[in-house]
Amino acid sequence: MNLIFLGAPGAGKGTAANRLSELLDIPHISTGDIFRANISEGTELGKLADQYISQGCLVPDDVTIGMVKARLAEEDCAKGFILDGFPRTIPQAEALDNILAEDGRKIDRAVDIVVSEDKLVERLAYRRVCAACKLSYNLKHSNIGDCCPVCGGSLIMREDDKPKVIAARMAAYHRDTEPLIEYYRNARKLVKVNSEEVVADTFANILAALEIKGV
Ligand code: AMP
């Protein structure tokens, strides 16, 4: 299954995509994670991306599209994939359709993960990410202190989850990414999923919307 997870920052795309990727045994491709890995490694791509990410702006389409094209050409994507955080603009969505069509592939479903704006801002404020394994936690719902319960790495707040950057990210979402909902509705690929409650509920809603038998 070739899937896209849409939704504002903090909607829960990454957590749900991670779980679904394990269940379906297909790769979870997060453009944000790829950029952050490049930033940590100090690559040229990372240096370029950081100039945009640190301001809450989108990385230019040509850079992002090239990166995703290369990732989708890897062998593990042949049996399906979950794109998290891509596409984020209409030109990215059109490029994605073209890239997939070159190999006779297509997107099966675009899952729009819907949460109220108040909840999004609250989730970003409480989100902490493991610096080592990159798993994400919500401090409001867990009493885990400063260390990742899975690998023991330090839990940190993403620079772009800090209040001064969040407003710019939300503005970019409304301006550039929200039009994708109409794009995928017109293509008859859109499914909407409520993510207002806890992670387990969101995941159950996603399985139901995609008609996947759960665990
Ligand atoms: P995320 O982890 O998905 O919230 O992404 C973090 C940041 O990476 C975003 O705020 C953007 O600056 C950048 N980014 C991630 N995906 C894309 C994309 N598809 N297009 C442009 N910029 C992106």
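Up top is the structure.
Before going into details, it helps to say that this report is about the structure given with it. Only a predicted model underlies this, so the values are computations on that prediction, with no experimental measurement involved.

## A few points about the pattern of salt bridges
In total, this model carries 17 salt bridges according to the counting rule given. The salt bridge partner of arginine 36 is aspartate 33, with a shortest N-O separation of 2.8 Å. In this pair, arginine 36 and aspartate 33 both sit in helix α2 (residues 31-41), three residues apart, roughly one turn of the helix. For arginine 36, a relative accessible area of 25% corresponds to the partly exposed category.

## Focus on the site of the ligand
Taken together, the neighbourhood of the ligand is formed by 16 residues, with Thr31, Arg36, Cys57, Gly85 and Arg88 sitting nearest. With respect to the ligand, the side chain of threonine 31 contributes an N or O atom lying 2.8 Å from a nitrogen atom. Starting from 480 Å² of accessible surface for the ligand in isolation, the protein chains cover 96%. When residues of the shell around the ligand are assigned to their parent elements, the largest contribution, four residues, is made by α2. A breakdown of the residues in the shell around the ligand according to their chemical character gives six nonpolar, five polar and five charged.

## Quick look at the sheet that holds strand β6 (residues 136-138)
Spatially, three strands are ordered β6-β5-β7 in an open sheet, and the strand pairing comes out antiparallel. At either end of the open sheet lies a strand with only one pairing partner, and these are β6 and β7 (155-156). With two bridges joining them, strand β5 (residues 127-130) and β7 adopt antiparallel strand pairing. Across the sheet, cysteine 130 pairs through a bridge with leucine 155, a residue of β7.

Scoring rules and cut-offs
- Residues numbered from 1 in each chain as written.
- Predicted model: local features only at pLDDT ≥ 70, side-chain atom pairs only at ≥ 80, totals over all residues.
- Heavy atoms only, no water.
- Salt bridge = Lys/Arg side-chain N within 4 Å of Asp/Glu carboxyl O.
- Helix = DSSP H or I, 4+ residues; strand = E, 2+ residues; numbered from the N terminus.
- Buried < 20%, exposed > 50% of the residue type's maximum accessible area, 1.4 Å probe, protein only.
- Near = heavy atom within 4 Å.
- Polar contact = N/O pair within 3.5 Å; in protein donor to acceptor, adjacent residues only side chain to side chain.
- Areas by Shrake-Rupley, 256 points an atom, 1.4 Å probe, with all protein chains shown as cover.
- Nonpolar A, V, L, I, M, F, W, Y, C, P; charged D, E, K, R; others polar.
- Pairing = 2+ DSSP bridges.

All we've got here are geometric facts, nothing functional implied.
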